[in-house]
Amino acid sequence: MIFVENLVKTFPAAGGAGEVSALRGIDLQIAEGEIFGIVGPSGSGKSTLLRCLNLLEQPTSGRIALRGDDLSQLAGASLRGARRRIGTVFQQFNLLHARTVRANVEFPLELAGLDRVQRRARADELIALVGLTGKEKAFPSQLSGGQQQRVGIARALASEPDVLLCDEATSALDPDTTDQVLDLLVELNRTLGVTVVLITHELGVLRRICTAAARLEDGRVAETGRILDLVADPGSALGAAIVPVGDDPSGGDRADTALVTTIGAEAHGPWLAQLVRTLDADVAVVGGRVEQVAGVTVGRLRLRFGPDVDRAAVDAFVAAQPNVTLAWGADIEIEGLLE
Ligand SMILES: Nc1ncnc2c1ncn2[C@@H]1O[C@H](COP(=O)(O)OP(=O)(O)OP(=O)(O)O)[C@@H](O)[C@H]1O
Ligand SMILES: [Mg+2]
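Engineer: Got a sec to walk through the pattern of salt bridges? Specific residues and values, please.
Structural biologist: The tally for this structure, following the rule as stated, stands at 19 salt bridges. Arg 119 is the salt-bridge partner of Glu 106, the closest N and O atoms lying 3.5 Å from each other. Of the two residues, Glu 106 is situated in helix H3 (residues 101-111) and Arg 119 in helix H4 (residues 116-129); the sequence distance between them amounts to 13 residues. Note on Glu 106: relative accessible area 11%, which makes it buried. Accessibility expressed as a relative area gives 14% for Arg 119, which makes it buried. The partner of Asp 183 in a salt bridge is Arg 208, and the shortest N-O contact between them spans 3.0 Å. Of this pair, Asp 183 sits in helix H6 (residues 175-192) while Arg 208 sits in helix H7 (residues 203-209), and the two are 25 residues apart along the sequence.

Engineer: Would you mind going over the environment of Val 231 in detail, with residue names and values included?
Structural biologist: By the secondary structure assignment, Val 231 is in helix H8 (residues 227-232). The spatial distance from the C-alpha of Val 231 to the C-alpha of Ala 214 is 13 Å, given a sequence separation of 17 residues. Those residues in contact with Val 231 that lie beyond four places of it in its chain are Gly 239, Ile 242, Val 243, Thr 261, Ile 263, Val 293, Val 298 and Arg 300.

Engineer: Quick rundown of the packing of aromatic side chains? Include the residues and the values.
Structural biologist: Applying the stated criterion across every chain yields a total of one aromatic pair. With a centroid separation of 5.3 Å and 50° between ring planes, the pair formed by Phe 305 and Trp 328 is classed as tilted. Highlighted residues: Phe 305 in strand S13 (residues 296-305) and Trp 328 in strand S14 (residues 324-328), separated in sequence by 23 residues. Its end group placed over the ring of Trp 328, Arg 311 keeps NZ or CZ at 4.6 Å from the ring centre.

Engineer: An account of the site of ligand 1 is needed here, citing residue identities and associated values.
Structural biologist: Taken together, Phe 11, Pro 12, Val 20, Ala 22, Pro 41, Ser 42, Gly 43, Ser 44, Gly 45, Lys 46, Ser 47 and Thr 48 make up the full set of residues adjacent to ligand 1. Interatomic distance of 3.1 Å between a backbone N/O atom of Gly 45 and an oxygen atom of ligand 1. Here ligand 1 loses 59% of its free accessible area of 640 Å² to cover by the protein chains. Sorting the residues of the shell around ligand 1 by element identifies strand S1 (2-12), strand S2 (19-30) and helix H1 (46-53) as the ones contributing at least two each.

Engineer: Can you break down the sheet that holds S2 residue by residue, with the values?
Structural biologist: On the basis of which strands lie adjacent, the open sheet formed by four strands has the order S2-S1-S4-S5 and antiparallel pairing. Two strands lie at the open edges of the sheet, namely S2 and strand S5 (69-70), each paired on one side alone. As judged from the two bridges shared by strand S4 (residues 61-66) and S5, these two strands associate in the antiparallel manner. Of the residues in S5, the one forming a bridge with Ala 65 is Asp 70. H1 contacts S1, S2 and S4 of the sheet and is inclined by roughly 115° relative to S1.

Engineer: I'd love a proper account of the nonpolar core, names of residues and values included.
Structural biologist: Membership of the largest hydrophobic core comes to 52 residues, with the highest contact counts inside it found for Ile 153, Leu 164 and Leu 198. With six residues, H6 is the largest single contributor of residues to this core. Ranked by size, the runner-up nonpolar core spans 28 residues in total, among them Leu 7, Ile 30, Ile 38 and Val 163.

Here is what the cut-offs are and how they apply
Residues numbered from 1 in each chain as written. Chains lettered and ligands numbered in written order. Predicted model: local features only at pLDDT ≥ 70, side-chain atom pairs only at ≥ 80, totals over all residues. Heavy atoms only, no water. Salt bridge = Lys/Arg side-chain N within 4 Å of Asp/Glu carboxyl O. Helix = DSSP H or I, 4+ residues; strand = E, 2+ residues; numbered from the N terminus. Buried < 20%, exposed > 50% of the residue type's maximum accessible area, 1.4 Å probe, protein only. Contact = heavy atoms within 4.5 Å. Phe/Tyr/Trp six-rings, centres within 6.5 Å; stacked < 30°, edge-to-face > 60°. Lys NZ or Arg CZ within 6 Å of the ring centre and 35° of its normal. Near = heavy atom within 4 Å. Polar contact = N/O pair within 3.5 Å; in protein donor to acceptor, adjacent residues only side chain to side chain. Areas by Shrake-Rupley, 256 points an atom, 1.4 Å probe, with all protein chains shown as cover. Pairing = 2+ DSSP bridges. Axes fitted to C-alpha atoms, helices over the stretch in contact; angles between N-to-C directions. Core = buried A, V, L, I, M, F, W, Y, C linked by side-chain atoms within 4.5 Å.

Given below as structure tokens:
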């Protein structure tokens, strides 16, 4: 649904000398109905990418298509029309403080030319959708952070956008409130079918709600994919960070260790006992973790086998198990991945 091709954004450097390359050729595909997480260290280009997607920033070169319509070439009325297909939720809410909740949500409807009666009906519908019925006449300063962000979300949905973009929408909120706002985004994604693209620096957000993700590094896409595919891939740094297994505390030889990932019910299944029995293998569990990822149980184990292990037999055994993958010696540096 969103198709980004070789997107480049260059800014003049502060002080006037030279240029800053914020995006150095981004290629990205975001499917309809996805909750897509964008992560990466500070300065890697996440906000710039989002500002190109919502047309607040003009790309230096490259292409952005939304449902097949090229957004990079628009101007005037067609640019304003395209902007209505994309809603944005901001970290600091960006509400108008002299206006009530209802008047904040009505604001984009005024710009779209709806009359007073239509505006009010639509605004109250949106306020109900985000769970704020009864707060129509409150001012932003009378609301909690989580309630203010709900107003921000209602306002972003006013023009019935195809996509909801969120730049660190929960990072000003405490953990409980964050979870409630994330649950609201999931609910809106399910009920309205709106595609959600969110920037986050929290792995917990990725784990809890995202169905796919991209990791940026220095203005480029370092890796992207569906969350469960990233987690099942022993070469994925993002997958390793989402379900971190820890190092072998004994510091044993990497060559004898295997990283096993199980997706779904297999996390609780008897495959390990069967492997030991079938192959008469000596094996120690030297690391492990179970997490809920995108609503699915994911297990990860680091196993150390005895030196005379028959690797081909282990590989064959694992290949016959559904939803279990194994990689020998896999070890990825995930420190500082997102900072
Ligand atoms: N308007 C601008 N003018 C000049 N340079 C900019 C501008 N906006 C962003 N940059 C630069 O582009 C690079 C990417 O910035 P961006 O804000 O997209 O990073 P980010 O990944 O969102 O970081 P953070 O996690 O800190 O929010 C940085 O080097 C930044 O200084
Ligand atoms: Mg940013």
